[in-house]
Amino acid sequence: MTPTITAFEASPDRGQGLARDTRVRWAFEEVGQPYDVRLVSFKAMKEPAHLALHPFGQIPTYEEGDLALFETGSILFHIAERHAGLLPEDANARARAITWMFAAVSTVEPPILELANARLLEGDRPWAKKRLPVVVDRVRDRLKQLSTRLGEADWLDGAFSAGDLMMAHVLQRLKPSGILNEFPNLSAYVARAEARPAYKRAFDAQLAVFTGKPTG
Ligand code: GTB
């Protein structure tokens, strides 16, 4: 059965690939699993039919038969568990790759989101100018730690895994800020991830929603 995911009908990033359906599309492309997409408006995301799938009224969701999932961490894990290509066979290496998936969403993504919110949602608050450097420093600290761990390696733990997919997509959100460029090994890491054919297919598919032009 072909899984169906949801994505923004009109993504605020205008097809830059920053919305989280991109990471799910990318995972499908890495493992060669075809998928369908149902586009939803901001209004529909808050209505009962969508809330039944996603209690927080967000995208993406994942449906396959009578299984419905939300949260990209869980969706990626589900895809990676059921198909070869995103998690190593060796049990310990697999556990470490899963650890990087968690690290991406629970340790690296939060300060990056805080920065996005500080800039986009709170920029006009009276305290915004004072707070921003604190938030930027928090992101920098986290990137410094990640950069040290990655070192000169191509990927976080051996071969490319779901952990790298998640981490690279999380880091992409920083590109407009310029902070990523302060860490050349991390920008090279993201560029390496973006050069993967599977990423390109996923990116083109989400861009096609914005341009209205079919891919392929
Ligand atoms: N933790 C959840 C997950 O990983 O699945 C978070 C899901 C989430 O934040 N979804 C966002 C959403 O539905 C879209 S991706 N937001 C609508 C709402 O909450 O009402 C976040 C996103 C949105 C826009 C941009 N952008 O424009 O650059 C980037 C990322």
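### A closer look at the site of the ligand
Piece 1. By nearness alone, 13 residues border the ligand, and R20, K46, I59, E71 and T72 come closest of all.
Piece 2. Contact distances for the ligand include 3.0 Å between an oxygen atom and a side-chain N or O atom of Q58.
Piece 3. I59 is positioned with one of its backbone polar atoms (N or O) 2.8 Å from a nitrogen atom of the ligand.
Piece 4. The pocket occupied by the ligand, as judged from atoms lying within 2 Å of grid points, is the largest pocket.
Piece 5. A breakdown of the residues in the shell around the ligand according to their chemical character gives six nonpolar, two polar and five charged.

### Quick word on the layout of surface pockets
The rolling of a water-molecule-sized probe over the atoms marks out the regions of remaining empty space.
Piece 1. In this structure, the largest pocket spans a volume of roughly 990 Å³.
Piece 2. Along the walls of the largest pocket sit 33 residues, with L18, R20, L113, A116 and R173 positioned nearest its centre.
Piece 3. Those elements that place two or more of their residues in the lining of the largest pocket are α2 (42–45), α4 (72–82) and α5 (91–120).
Piece 4. Considering every element that reaches the lining of the largest pocket, the biggest residue donor is α5, with nine residues.
Piece 5. Of the residues contributing to the lining of the largest pocket, the split by class is 17 nonpolar, eight polar and eight charged.
Piece 6. In this structure, the lining of the largest pocket is formed jointly by two domains, domain 1 (4–85 + 198–211) and domain 2 (91–196), each of which donates at least three residues.

### Observations regarding the environment of A195
Piece 1. When you line up the elements, A195 lands in the loop between α8 (184–194) and α9 (197–211).
Piece 2. Residue class for A195 comes out partly exposed when judged on its relative accessible area of 45%.
Piece 3. Along the primary structure A195 and G65 are separated by 130 residues, whereas in three dimensions their C-alpha atoms are 33 Å apart.

### A short note on empty space enclosed by the protein
Piece 1. One pass over the structure, following the stated rule, counts one cavity of 30 Å³ or more.
Piece 2. By volume, the largest cavity amounts to about 70 Å³.
Piece 3. Taken together, L18, R20, R23, E109, I112, L113, H169, V170 and R173 make up the full set of residues lining the largest cavity.
Piece 4. Of all the secondary structure elements, the ones that give two or more residues to the lining of the largest cavity are α5 and α7 (162–172).

### Observations regarding the pairing of strand β3 (residues 61–64)
Piece 1. Across two bridges, the pairing between strand β1 (residues 4–8) and β3 is antiparallel. Looking at the pairing, T4 lines up with E63 of β3.
Piece 2. Across four bridges, β3 lies against strand β4 (residues 67–70) in antiparallel orientation. What sits directly across from E64, in β4, is L67.

### Section: the nonpolar core
Piece 1. W26, I79, L86, L143, M167, L171 and Y189 are the most contacted members of the largest nonpolar core, which has 52 residues in total.
Piece 2. At the level of elements, α1 (21–31), α4, α5, α6 (128–150), α7, α8 and α9 are the ones that each hand at least two residues to this core.
Piece 3. Top element by residues in this core is α5. It accounts for nine residues.

### Topic: the domain arrangement of the protein chain
Piece 1. The domain boundaries assigned to the protein chain delineate domain 1 (4–85 + 198–211) and domain 2 (91–196).
Piece 2. Its C-alpha centre places domain 1 at a distance of 21 Å from the equivalent point of domain 2.
Piece 3. Across the boundary between the two partners, domain 1 contributes 19 residues, which contact 19 residues of domain 2.
Piece 4. Summing both sides of the interface, domain 1 and domain 2 together bury roughly 1,600 Å²; the carbon and sulfur share of this comes to 60%.
Piece 5. When the buried surface of domain 1 facing domain 2 is broken down by residue, L18, R23 and W26 rank first, second and third, together holding 36% of it.

Reading guide: rules and limits
Residues numbered from 1 in each chain as written. Predicted model: local features only at pLDDT ≥ 70, side-chain atom pairs only at ≥ 80, totals over all residues. Heavy atoms only, no water. Near = heavy atom within 4 Å. Polar contact = N/O pair within 3.5 Å; in protein donor to acceptor, adjacent residues only side chain to side chain. 1 Å grid on protein atoms, 1.4 Å probe; cavity = no way out; pocket = protein on both sides within 12 Å on 5 of 7 lines; lining within 4 Å. Sits in = over half its atoms within 2 Å of the grid points. Nonpolar A, V, L, I, M, F, W, Y, C, P; charged D, E, K, R; others polar. Points joined across faces, edges and corners; volume = space filled by probe spheres on them. Helix = DSSP H or I, 4+ residues; strand = E, 2+ residues; numbered from the N terminus. Domains from an automatic or database assignment. Buried < 20%, exposed > 50% of the residue type's maximum accessible area, 1.4 Å probe, protein only. Pairing = 2+ DSSP bridges. Core = buried A, V, L, I, M, F, W, Y, C linked by side-chain atoms within 4.5 Å. Contact = heavy atoms within 4.5 Å. Buried area = accessible area lost by both parts, 1.4 Å probe.

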